[in-house]
Amino acid sequence: MRFPFFLAGMAGIPIFYKSINERYGSTQALWSTSALAFLQLFVFHGQTARPYSLGLLGVLFCYDGFSIKSGKSKNLKILIGVLLAAYSHYFALPYRDWE
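The rules we used
- Residues numbered from 1 in each chain as written.
- Predicted model: local features only at pLDDT ≥ 70, side-chain atom pairs only at ≥ 80, totals over all residues.
- Heavy atoms only, no water.
- Helix = DSSP H or I, 4+ residues; strand = E, 2+ residues; numbered from the N terminus.
- Buried < 20%, exposed > 50% of the residue type's maximum accessible area, 1.4 Å probe, protein only.
- Contact = heavy atoms within 4.5 Å.
- Polar contact = N/O pair within 3.5 Å; in protein donor to acceptor, adjacent residues only side chain to side chain.
- 1 Å grid on protein atoms, 1.4 Å probe; cavity = no way out; pocket = protein on both sides within 12 Å on 5 of 7 lines; lining within 4 Å.
- Points joined across faces, edges and corners; volume = space filled by probe spheres on them.
- Nonpolar A, V, L, I, M, F, W, Y, C, P; charged D, E, K, R; others polar.
- Core = buried A, V, L, I, M, F, W, Y, C linked by side-chain atoms within 4.5 Å.
- Patch = residues over 30% accessible without salt bridge, like charges linked within 9 Å, V, L, I, M, F, W, Y side chains within 5 Å.
- Areas by Shrake-Rupley, 256 points an atom, 1.4 Å probe, with all protein chains shown as cover.
- Salt bridge = Lys/Arg side-chain N within 4 Å of Asp/Glu carboxyl O.

The number of helices and strands found in the protein chain is five helices and zero strands. Secondary structure elements of the protein chain occur, N-terminal to C-terminal, as α-α-α-α-α. Across the 99 residues in the protein chain, those meeting the buried criterion constitute 30%. The long-range share in the protein chain, meaning contacts at least 24 apart out of those at least 6 apart in sequence, stands at 47%.

Now for the side chain of Ser53. Within the secondary structure, Ser53 is located in helix α4 (residues 52-67). A distance of 3.1 Å separates the side chain of Ser53 from the backbone oxygen of Phe5, its partner in a polar contact. Once residues lying within four places of it in the same chain are set aside, the contact partners of Ser53 are Phe5, Ala8, Gly9, His45 and Gly46.

With that out of the way, let us pick up the layout of surface pockets. A probe as big as a water molecule, rolled over the atoms, marks out the empty space that is left. Counted as a void, the largest pocket has a volume near 310 Å³. Looking at the largest pocket, it is lined by 17 residues, and the ones nearest its centre are Gly9, Leu36, Phe42, Val43 and Gly46. Of all the secondary structure elements, the ones that give two or more residues to the lining of the largest pocket are α1 (3-24), α2 (26-38), α3 (40-47) and α4. Partitioned by chemical class, the residues of the lining of the largest pocket number 11 nonpolar, six polar and no charged.

To continue, consider the nonpolar core. Core analysis: the biggest nonpolar cluster contains 12 residues, these being Phe5, Ala8, Ile15, Phe16, Ile20, Ala29, Leu36, Leu54, Leu57, Leu60, Phe61 and Leu84. Where this core is concerned, the elements lending two or more residues are α1, α2 and α4. If one sorts the elements of this core by residue count, α1 sits on top with five residues. The contacts of Ile15, once residues within four sequence positions are left out, are Leu57, Leu60 and Phe61.

Looking now at a nonpolar patch on the surface. A cluster of nonpolar side chains, namely Phe3, Phe6, Leu7 and Met10, defines an oily patch on the protein surface of about 400 Å² accessible area. Within the fold, Phe6 resides in helix α1. Look at Phe6 and you get partly exposed, because its relative accessible area is 38%.

Shown next, in the form of structure tokens:
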């Protein structure tokens, strides 16, 4: 049961590097990704069956999707991000008052 959370934690590392590299540069991306990969908080939550790694992966997919100008991959990345965030915790769904 822990394996999907481990995969989500591992999949978030290159997406995190790509997003930081595009915004701040390669040096900051390397340092930030090293911190993400080796800090005990992220390693622990990637090993346990907790939804934090899926939530982080969902947020990274949404951020990556919103940074793309247009196209099908933009909508697909945002959809994957929203679904992962909704799967990890239902409060992550956008709230809309339908009155």
